[in-house]
Amino acid sequence: MPETNIVWFRQDLRLADNPALTAALANKGRILPVYILDDGQAWPVGGAGRWWLHHSLAALAAGLARLRAPLILRRGDPARILPALAAELGAAAIHAGIAHEPAWRRADAAVAAALPQATALRLHRTATLIDPDKIRSQTNTVYGMYTPFARAVEALGKPDDPLPAPDTISSAKSDSDRLEDWRLLPTHPDWAGGLRDLWVPGEPAALERLKHFVTQAVTRYSTGRNLPGEDGTSMLSPHLHWGEISPRTVWHASRTETDTPDHHTYRRELIWRDFSAYLLWHHPSLPETPLRPAFAKLAFRTHPDDLACWQHGRTGVPIVDAGMRQLWRTGWMHNRVRMIAASFLVKHLLISWKAGEAWFWDTLVDADLASNAASWQWIAGTGIDSQPFFRVFNPVTQGQKFDGDGAYVRRFVPELAALPDRYLHAPWTAPQQELARAGITLGKTYPKPVIDLVAGRNRALDAYRRTVKDQAT
Ligand SMILES: Cc1cc2nc3c(=O)[nH]c(=O)nc-3n(C[C@H](O)[C@H](O)[C@H](O)COP(=O)(O)OP(=O)(O)OC[C@H]3O[C@@H](n4cnc5c(N)ncnc54)[C@H](O)[C@@H]3O)c2cc1C
């Protein structure tokens, strides 16, 4: 008799190129597709992520329904739910994607220990290009630097071809929660209007976005990726995080007969994503602890008012405010501006990277434990492969360089729109009559800078230097 297998969907909410699903279907038996919401986990999904998850699950359920299979929804501890389901169905195996997050790894161990003897837990690589245990330096150590890691990944050659989506499924049945009852969507207030305007979660939309990017923007990616006012990046990060599209599908789509350096640069960004997952795999404390232990003692300030200014885009520094408002409105922020805004928090305001990491976790639709933590540590200079701590992004010159015509700042900080380009990124330097002509009163219609940029920079450098010196003595 053909077996029954459970497919435990986690961060691989797709039908195409899903090795867990393909393996479960391999013996032509019945499958039960299951998603479990576990709010008791460390780093439970944040607010924007819950909005995305609701729609992504609805899209996955619709895709499965077309193949006459239900998506079973359960809420609670997987180590309690899955063994019970396996016993109910007499399942031969549970197939799931490998997750790099420590909480999922603990869940895997707990599930495996609690399963009936006849049921196996089988994990498949669904979320990354490479197996983090297979990439090691020539001296057999874990890479700490991105560049040699990327070279080692590239030396493996092209990833395997993506697997097709199944065209038939014979499914088992079980009880399911109703998605609406999970209340993942905001109601009072409904803050998700900007997310709805910009995003369509789900596998079909992910494939559409990929098509748009590889036909429109990839050939100018090297320049376009730094210009937040332009449609220069793929905006695939939430789709990749939730696994609505696989990294190797994206990798193959961005490789053409007429490959240019732009295509290569783009694939290198996918490798950054793998590098973050690799760091988390080998350093599970990455989201909580500086990878350079010396910086655990850095004297960050606790300053709720300054933190709130940053969170709500009221720092008085236009490019930072534009980024933070883009995040609040759309659940996403351009990478260049993420770097500037994050550096401003950690360096100019001298507030811990962990406060920024937590805010991003709650507000990003692509909030990803590995990429978020690795990026914050990179900016803070506390990671292994970080920019040196004395590199402090100057938000004015960064704004002038990458948003020279002010299109981005004007979109998200409209109260500055009438200011001429030359003052836009530093309105406090504008003569009074220019401000008056643009209808701006600093401190009233737009904030004065929350910190003097030179003083903030010097304060950060002092704090970092003190920490390094204390460590040396
Ligand atoms: C402080 C900070 C926090 C961040 N937090 C997250 C996060 O929670 N989730 C997340 O996916 N990315 C995070 N990033 C990385 C990066 O900003 C986003 O991946 C990128 O902006 C997504 O836009 P895109 O899809 O248009 O990227 P593209 O430029 O089109 O790149 C393609 C893909 O490559 C990956 N990628 C690109 N840059 C990076 C990077 N620096 N690190 C890791 N992966 C990368 C993403 O999956 C992205 O979708 C963070 C960066 C910073 C500076």
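Nothing here was measured: the structure is a model prediction, and the numbers come from that model. (Residues numbered from 1 in each chain as written. Predicted model: local features only at pLDDT ≥ 70, side-chain atom pairs only at ≥ 80, totals over all residues. Heavy atoms only, no water.)

1. What to know about the side chain of Asp17
At step 1: Within the element layout of this structure, Asp17 appears in the loop between strand S1 (4–9) and helix H1 (19–25).
At step 2: On the accessibility criterion, Asp17 (2% relative accessible area) is buried.
At step 3: One polar contact links Asp17 to Ser246, side chain to side chain, over a distance of 2.5 Å.
At step 4: Here Arg248 takes part through its side chain, which lies 2.7 Å from a polar atom of the side chain of Asp17. (Helix = DSSP H or I, 4+ residues; strand = E, 2+ residues; numbered from the N terminus. Buried < 20%, exposed > 50% of the residue type's maximum accessible area, 1.4 Å probe, protein only. Polar contact = N/O pair within 3.5 Å; in protein donor to acceptor, adjacent residues only side chain to side chain.)

2. So, the site of the ligand
At step 1: What surrounds the ligand is a group of 28 residues, the closest being Tyr221, Thr233, Ser234, Met235 and Asn335.
At step 2: Residue Ser237 places a main-chain N or O atom 3.0 Å away from an oxygen atom belonging to the ligand.
At step 3: When each cavity is represented as a set of grid points, the ligand is found to reside in the largest pocket.
At step 4: Broken down by secondary-structure element, the contributors of at least two residues to the shell around the ligand are helix H9 (237–241), helix H11 (261–282), helix H14 (335–348) and helix H16 (369–380).
At step 5: With six residues, H11 is the largest single contributor of residues to the shell around the ligand.
At step 6: Two domains each provide a minimum of three residues to the shell around the ligand, namely domain 2 (128–161 + 203–282) and domain 3 (293–472). (Near = heavy atom within 4 Å. 1 Å grid on protein atoms, 1.4 Å probe; cavity = no way out; pocket = protein on both sides within 12 Å on 5 of 7 lines; lining within 4 Å. Sits in = over half its atoms within 2 Å of the grid points. Domains from an automatic or database assignment.)

3. Here we look at the layout of surface pockets
At step 1: Here the largest pocket is characterised by a volume of approximately 1200 Å³.
At step 2: Together, 44 residues line the largest pocket, and Glu269, Trp272, Asn335, Ser371 and Ser375 are the ones closest to its centre.
At step 3: Among the secondary structure elements, those contributing two or more residues to the lining of the largest pocket are H9, H11, H14 and H16.
At step 4: Here the residues of the lining of the largest pocket sort into 22 nonpolar, 14 polar and eight charged. (Points joined across faces, edges and corners; volume = space filled by probe spheres on them. Nonpolar A, V, L, I, M, F, W, Y, C, P; charged D, E, K, R; others polar.)

4. A few points about empty space enclosed by the protein
At step 1: Overall, the coordinates contain two cavities of 30 Å³ or more when judged by the stated rule.
At step 2: Of the pockets and cavities examined, the largest cavity occupies roughly 180 Å³.
At step 3: If you trace the largest cavity, you find 19 residues lining it, with Gln11, His100, Glu101, Ala127 and Asp368 closest to the centre.
At step 4: Among the secondary structure elements, those contributing two or more residues to the lining of the largest cavity are H9, H11 and H16.
At step 5: It is H11 that provides the largest number of residues to the lining of the largest cavity, a total of three residues.
At step 6: Looking at the lining of the largest cavity residue by residue, the class counts come to seven nonpolar, seven polar and five charged.
At step 7: Considered as a void within the structure, the second largest cavity measures approximately 40 Å³ in volume.
At step 8: Every residue along the wall of the second largest cavity is listed here: Arg209, His212, Phe213, Ala217, Asp231, Thr233, Ser234 and Met235.
At step 9: Tallied by class, the residues present in the lining of the second largest cavity amount to three nonpolar, three polar and two charged.

5. A look at the domain arrangement of the protein
At step 1: For the protein, the assigned domains are domain 1 (4–126), domain 2 (128–161 + 203–282) and domain 3 (293–472).
At step 2: The gap between the C-alpha centroids of domain 2 and domain 3 is 26 Å.
At step 3: Facing the 22 residues of domain 2 at the interface are 19 residues of domain 3.
At step 4: In this assembly, domain 2 packs against domain 3 so that about 1700 Å² is buried in total across both faces, 61% of it on carbon and sulfur atoms.
At step 5: When the area that domain 2 buries against domain 3 is broken down by residue, the three leading residues are Asn226, Pro228 and His241, summing to 31%.
At step 6: Run the count over domain 2 and domain 3 and you get eight residue pairs in polar contact (both at pLDDT 80 or more).
At step 7: Sort the elements by how many residues they give to the side of domain 2 that touches domain 3 and H11 lands first, with seven residues.
At step 8: Split by residue class, the side of domain 2 that touches domain 3 holds twelve nonpolar, eight polar and two charged. (Contact = heavy atoms within 4.5 Å. Buried area = accessible area lost by both parts, 1.4 Å probe.)

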